[in-house]
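Each chain is listed here by its residues.
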Amino acid sequence: MKVHEYQAKEILDQYGVAVQRGIVADTVEEAVEAAQTMAADGVTQFVVKAQIHAGGRGKGGGVKFCPSIDDVKPAAEKILGMQLITPQTGAEGQLVRKVLVTAAEDIAHEYYLGVTLDRATGMDVIMASTEGGVEIEEVAEATPEKIVKVHVDPTTGLRSYQAREIAFQLGLEGTAFKEGVKFVMALYKAYRASDATIAEINPLVKTEDGRIIALDAKMDLDDNAMFRHKDLAEMRDEAEEDPLEVEAGKHNLNYIKLDGNVGCMVNGAGLAMGTMDLIKLAGGEPANFLDVGGTASPATTEAGFRIIQSDPNVKAILVNIFGGIVRCDRVAKGVVEAASNMELTVPLIVRLQGTNAEEGMQILKDSGLPIQTAIRLQEAADKVTAALDA
Ligand code: ADP
Ligand code: MG
């Protein structure tokens with residue numbers, strides 16, 4: 001689960017991470033009020049920042065420096081409601097519904113600091129670089145030696161000597177060194193305690209007056225852990241997510257929208273991946289990944305069909321079910337019930353294999369519905385391709 005920059009900063013703040021917070025606003029008026037509130041505390045220069053679930057906002061025109069308070073209004077007017085395109089949004093961009101008004105800092109240097117799980121070692125890894133502010137992927141590609149990596153042993157947790165090592169490698173000295181060490185320790189604590197999968201600060205800055213502070217913050221939180229973080233779970237912003245994926249989540253379907261024309265509904269993630277490969281091999285393009293899980297009940301099947309069909313690119317649907325624990329005849333009943341309850345607007349090909357496959361096929365045939373059936377994968381693929389061409 002992704003959260004906005006302002007929310008990530010709120011979480012980090014609770015763990016003592018030094019962040020540049022600011023005030024979030026939904027309207028231009030609120031943005032101006034926010035600046036006035038901050039001006040009362042002595043802030044004279046501001047930065048207005050688009051809040052969307054994607055990075056690279058600066059490059060796309062979503063981060064505006066305001067040399068005086070009078071510049072806040074036009075900046076907020078420009079950013080709020082814009083369709084912000086960044087390297088992470090895709091070509092159509094993302095509508096900006098909120099801005100964060102922050103104090104502008106005098107930056108002496110921009111660093112990068114991030115924590116995530118390194119699956120290869122099974123340990124959390126803290127990555128740091130003196131090359132902050134730019135995309136870390138580019139640094140990793142061009143100058144990998146400029147990224148320092150420190151692994152955290154899960155049995156001991158992050159040791160303070162490791163945090164000192166990172167601060168040292170970043171070239172921090174004096175007070176900045178001390179603040180850097182504290183920052184690393186606090187960031188790791190926040191990452192662990194909030195069950196984050198990523199906590200990334202880019203840029204972490206040293207200000208002209210020597211403070212170490214996060215100007216940007218990105219956090220991804222583990223969906224599977226949100227049951228034990230009610231406060232964090234409430235930070236979910238469904239407006240930022242794909243509406244079909246949100247709908248699928250409500251039915252416990254694992255759905256990811258893709259760009260192709262063949263909708264697929266499969267039980268099991270591995271079979272779903274295999275089915276997508278097969279569709280491609282047969283000349284089609286998968287329109288989605290959809291794993292209906294271990295049980296394909298009439299209700300989930302119908303929800304799946306509706307979600308797949310609401311994608312206008314879908315020209316045919318392939319249902320590929322392997323009856324292991326789930327019986328194919330029950331799945332067939334579910335498909336028939338779902339298909340009779342709604343209007344199927346594209347050809348439907350159902351491939352059943354495994355427990356009670358024959359009985360399942362019979363149910364589909366007897367239904368009188370325009371459902372094409374297949375037992376073998378190749379047969380299913382051929383029927384899908386033929387349906388696309390028809
Ligand atoms: P993104 O990563 O989405 O582009 P950032 O928050 O990292 O957005 O902002 C981009 C750049 O804008 C930063 O690298 C920094 O140089 C500048 N910036 C952001 N916030 C501030 C601020 N409060 N004061 C001064 N400069 C800022
Ligand atoms: Mg950034």
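Residues numbered from 1 in each chain as written. Chains lettered and ligands numbered in written order. Predicted model: local features only at pLDDT ≥ 70, side-chain atom pairs only at ≥ 80, totals over all residues. Heavy atoms only, no water.

Asks: Explain the UniProt feature "domain: ATP-grasp" (unreviewed entry) in the chain here, please?
Replies: Here, UniProt's "domain: ATP-grasp" (unreviewed entry) annotation points to residues 9-230. Overall, residues 9-230 shows 31% helix and 29% strand. The separation of its end C-alpha atoms is 17 Å. (UniProt positions renumbered as here; feature names shortened; annotations may be inferred. Helix = DSSP H or I, 4+ residues; strand = E, 2+ residues; numbered from the N terminus.)

Asks: Any chance you could explain the coordination of the magnesium ion (ligand 2) here in plain terms?
Replies: Expected angles at a metal are 109.5 degrees for tetrahedral coordination by four donors and either 90 or 180 degrees for octahedral coordination by six donors. In this structure, N202 (O) and D216 (OD) serve as the protein donors to the magnesium ion (ligand 2), at separations of 2.1 Å. Pair noted here: N202 is in strand 10 (residues 196-207) and D216 is in the loop between strand 11 (212-214) and strand 12 (218-221), with a separation of 14 residues, a long-range link. (Donors = N, O, S within 2.8 Å, 3.2 Å for Na, K, Ca; no water.)

Asks: How should the site of ligand 1 be read in this particular structure?
Replies: The environment of ligand 1 is formed by 18 residues, the closest being K49, R57, G58, A103 and E110. In the model, an oxygen atom of ligand 1 is placed 3.1 Å from a nitrogen or oxygen of the G56 main chain. Taking N202, its main chain carries an N or O atom lying 3.1 Å from an oxygen atom of ligand 1. The fraction of the free accessible surface of ligand 1 (540 Å²) that becomes covered by protein chains is 82%. Those elements that provide at least two residues to the shell around ligand 1 are strand 2 (46-50), helix 3 (57-60), strand 6 (99-103), strand 7 (107-118) and strand 10. For the shell around ligand 1, the per-class residue count stands at 7 nonpolar, 6 polar and 5 charged. A domain-level breakdown of the shell around ligand 1 finds at least three residues from each of domain 1 (21-103) and domain 2 (107-233). (Near = heavy atom within 4 Å. Polar contact = N/O pair within 3.5 Å; in protein donor to acceptor, adjacent residues only side chain to side chain. Areas by Shrake-Rupley, 256 points an atom, 1.4 Å probe, with all protein chains shown as cover. Nonpolar A, V, L, I, M, F, W, Y, C, P; charged D, E, K, R; others polar. Domains from an automatic or database assignment.)

Asks: Before we go on, may I ask you to explain the pairing of strand 18 (residues 371-374) in this structure?
Replies: Regular strands have side chains that alternate between both faces of the sheet. Pairing geometry for strand 17 (residues 348-354) and strand 18, over 4 bridges, is parallel. Bridged to V350 within strand 18 is T373. Taking the sense of rotation as the criterion, the β-α-β connection linking strand 17, helix 13 (residues 357-366) and strand 18 turns out right-handed. (Pairing = 2+ DSSP bridges. Right-handed = clockwise from strand over helix to strand, strands pointing away.)

Asks: What should I look at first to understand the packing of helix 2 (residues 28-40) against helix 4 (residues 72-79) in this one?
Replies: Axes are the key here: two packed helices are described by the angle between their axes and the distance separating the axes. Look at helix 2 against helix 4: their axes get within 9 Å of each other, and the N-to-C directions meet at 145°. Handedness of the crossing formed by helix 2 with helix 4: right-handed. Contacts between helix 2 and helix 4 involve V28, A31, V32 and A35 on the former and, on the latter, V72, K73, A76 and E77. Classifying every residue of the contact of helix 2 with helix 4 by side-chain character gives 6 nonpolar, no polar and 2 charged. (Axes fitted to C-alpha atoms, helices over the stretch in contact; angles between N-to-C directions. Left-handed = near helix turned anticlockwise from the far one by under 90°. Contact = heavy atoms within 4.5 Å.)

Asks: Explanation requested: the side chain of K9 in the structure shown.
Replies: Relative to the elements of secondary structure, K9 occurs in helix 1 (residues 5-14). The buried category is assigned to K9, whose relative accessible area is 1%. If we skip the residues at most four places from it in the chain, K9 touches V19, Q20, R21, K49, L100, T102, A214, L215, D216 and A217. (Buried < 20%, exposed > 50% of the residue type's maximum accessible area, 1.4 Å probe, protein only.)

Asks: I'm lost on empty space enclosed by the protein in this one. Help?
Replies: Picture a little ball the size of a water molecule; that probe, rolled over the atoms, points out where space is still empty. Tallied over the entire structure, the rule returns 1 cavity of 30 Å³ or more. The calculated volume of the largest cavity comes to roughly 40 Å³. Lining of the largest cavity is provided by V262, I279, A282, G283, G284, L318, A381, V384, T385 and L388. At 4 residues, helix 14 (residues 377-389) tops the list of elements feeding residues into the lining of the largest cavity. (1 Å grid on protein atoms, 1.4 Å probe; cavity = no way out; pocket = protein on both sides within 12 Å on 5 of 7 lines; lining within 4 Å. Points joined across faces, edges and corners; volume = space filled by probe spheres on them.)

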